[in-house]
Amino acid sequence: MVYLHQFKLECRKHSAVFAIFTVLSGLANLYFLLDHGQDIAFVFLLVNMVIGILLPVYIYMDYYREFFTGTMPINHMLPLRTSALFGVKSAVFMLGLTAVWSTTLLDVFLNPEGLYQTRVIHSSSPLLGMTYFILSKLCSLPAGLALIGLALAAAKRFRKPALSHLCIAAFILITVGIQFALVVRGSTHWSIGSSSAASFKQYANLLTVSPVGREQPANINETINWLSVGMNLLVALLAGAIGSALLNGRKYELHGK
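First, a word on what this report is: a plain description of the structure on this page. (Residues numbered from 1 in each chain as written. Predicted model: local features only at pLDDT ≥ 70, side-chain atom pairs only at ≥ 80, totals over all residues. Heavy atoms only, no water.)

## Topic: the nonpolar core
Alright, step 1. Within the largest apolar cluster, 32 residues are counted, with the highest numbers of intra-cluster contacts made by Phe 18, Leu 55, Ile 59, Tyr 63, Leu 152 and Ile 168.
Alright, step 2. Those elements giving two or more residues to this core turn out to be helix H1 (2-34), helix H2 (38-69), helix H3 (82-102), helix H6 (126-155), helix H7 (161-184) and helix H8 (226-247).
Alright, step 3. It is H6 that provides the largest number of residues to this core, a total of 11 residues.
Alright, step 4. Setting aside residues up to four positions removed in sequence, Leu 55 forms contacts with Phe 18, Phe 21, Leu 97 and Val 100. (Core = buried A, V, L, I, M, F, W, Y, C linked by side-chain atoms within 4.5 Å. Buried < 20%, exposed > 50% of the residue type's maximum accessible area, 1.4 Å probe, protein only. Helix = DSSP H or I, 4+ residues; strand = E, 2+ residues; numbered from the N terminus. Contact = heavy atoms within 4.5 Å.)

Dropping the structure here:
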């Protein structure tokens, strides 16, 4: 009952922000669907890029206030472990991020020049391609959220603010950097935060990467990289488990919980 109540509170707290970004993304994708001009294409990419930057920043700041600076102490007085509170918040953020991302499927499926019509439908297995397309995105979300939680929980162990913030940056940059290096390995060039009809997008946590090889394969399924999915699942499990243990430590938990 407490979990459901807190989930509803978090939904009310963040629903307006995610609704605004979902509508903006939906309008941008819908407008681009009807007009493929180069100027519109640039605006379309710019809107998606800005949303892709602002949402992780918004989520990070909420986590930071809740689990690092402790500006919402009343939440820590609930009969919930701190890790459970983090899980409830993360569930709301995952739903919000998925809602925003789902608007981009308008271009993927309905655009005659979109990814599905131009590449996936002509691949060896459209079902496999779409399974990877969706699964790779959904696995990146818990990985990114768990990594932020672990970074904040670990940083709380340091008394000096400078060391704490250095710890946060190091955890996130090193982990994402390693994943990014493995994702783009073997590609001749790549782009961040955008998509390409030459290959499926891949993810290093919440970072969207579009690696492109020297030649565009006739079968887009050849660009599927299950390693990126496995890495995100591994990060989500390890960061989630270690972060949960740290969040349930004395730095966060009130006596009597």
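Now that the structure has been shown, we can carry on.
## Digging into the packing of aromatic side chains
Alright, step 1. Taken as a whole and judged by the stated rule, the model has 13 aromatic pairs.
Alright, step 2. On the basis of an interplanar angle of 45° and a centroid distance of 5.5 Å, the ring pair of Phe 109 and Tyr 116 is categorised as tilted.
Alright, step 3. Owing to a relative accessible area of 31%, Phe 109 belongs among the partly exposed residues under this scheme.
Alright, step 4. Assessed through its relative accessible area of 21%, Tyr 116 is described here as partly exposed.
Alright, step 5. Residues Phe 180 and Trp 190 carry aromatic rings whose centres are separated by 4.8 Å and whose planes lie at 90° to one another, so their mutual orientation is edge-to-face. Here Phe 180 is found in helix H7, whereas its partner Trp 190 is found in strand S1 (residues 189-192), with 10 residues between them in sequence.
Alright, step 6. The exposure class assigned to Phe 180 is buried, which follows from its relative accessible area of 16%.
Alright, step 7. Exposure remark for Trp 190: the relative accessible area of 41% places this residue in the partly exposed category.
Alright, step 8. Put simply, the rings of Phe 18, Tyr 58, Tyr 63, Phe 67, Phe 86 and Phe 93 pair up and form one aromatic cluster.
Alright, step 9. In this arrangement the basic side chain of Lys 156 is found over the ring face of Phe 68, its NZ or CZ atom lying 5.6 Å from the centre. (Phe/Tyr/Trp six-rings, centres within 6.5 Å; stacked < 30°, edge-to-face > 60°. Lys NZ or Arg CZ within 6 Å of the ring centre and 35° of its normal.)

## Notes on the pairing of strand S3 (residues 207-212)
Alright, step 1. Where burial is concerned, most of S3 is hidden: five out of the six residues are buried.
Alright, step 2. Strand direction decides the pairing type here: S1 and S3, joined by four bridges, are antiparallel. Bridged to Trp 190 within S3 is Pro 211.
Alright, step 3. Here strand S2 (residues 202-204) runs beside S3; their pairing, made up of three bridges, is antiparallel. Bridge assignment links Ala 204 to a residue of S3, and that residue is Leu 207.
Alright, step 4. Where S2 folds back onto S3 in an antiparallel hairpin, the turn is made up of two residues, including Asn 205, whose phi is positive at roughly 60°. (Pairing = 2+ DSSP bridges.)

## A short note on the packing of H7 against H8
Alright, step 1. Running from amino to carboxyl end, H7 crosses H8 at an angle of 165°, the nearest separation of the two axes being 10 Å. Judged by the angle between their axes, H7 and H8 are roughly antiparallel. Pair H7 / H8 crosses with right-handed handedness. Residue-level contacts link Thr 175, Gln 179, Leu 182 and Val 183 of H7 to Leu 227, Ser 228, Met 231, Asn 232 and Val 235 of H8.
Alright, step 2. For the contact of H7 with H8, a count of residues per class yields five nonpolar, four polar and no charged. (Axes fitted to C-alpha atoms, helices over the stretch in contact; angles between N-to-C directions. Parallel < 35°, antiparallel > 145°, perpendicular 65-115°, else oblique. Left-handed = near helix turned anticlockwise from the far one by under 90°. Nonpolar A, V, L, I, M, F, W, Y, C, P; charged D, E, K, R; others polar.)

## Side note on the pattern of salt bridges
Alright, step 1. Scanning the model with the defined rule gives four salt bridges in all.
Alright, step 2. A salt bridge links Lys 89 to Glu 10; the nearest nitrogen and oxygen atoms lie 3.0 Å apart. Placement of the pair is Lys 89 in helix H3 and Glu 10 in helix H1, with a sequence separation of 79 residues.
Alright, step 3. The exposure class of Glu 10 is buried, given its relative accessible area of 2%.
Alright, step 4. Lys 89 is paired through a salt bridge with Glu 66; the nearest N and O atoms lie 3.6 Å apart. Of this pair, Lys 89 sits in helix H3 while Glu 66 sits in helix H2; the two residues are 23 residues apart in sequence, bridging distant segments of the chain. When sorted by exposure, Lys 89 lands in the same class as Glu 66, which is buried.
Alright, step 5. Through salt bridges with shared partners, a single network forms among Glu 10, Lys 13, Asp 62, Glu 66 and Lys 89. (Salt bridge = Lys/Arg side-chain N within 4 Å of Asp/Glu carboxyl O.)

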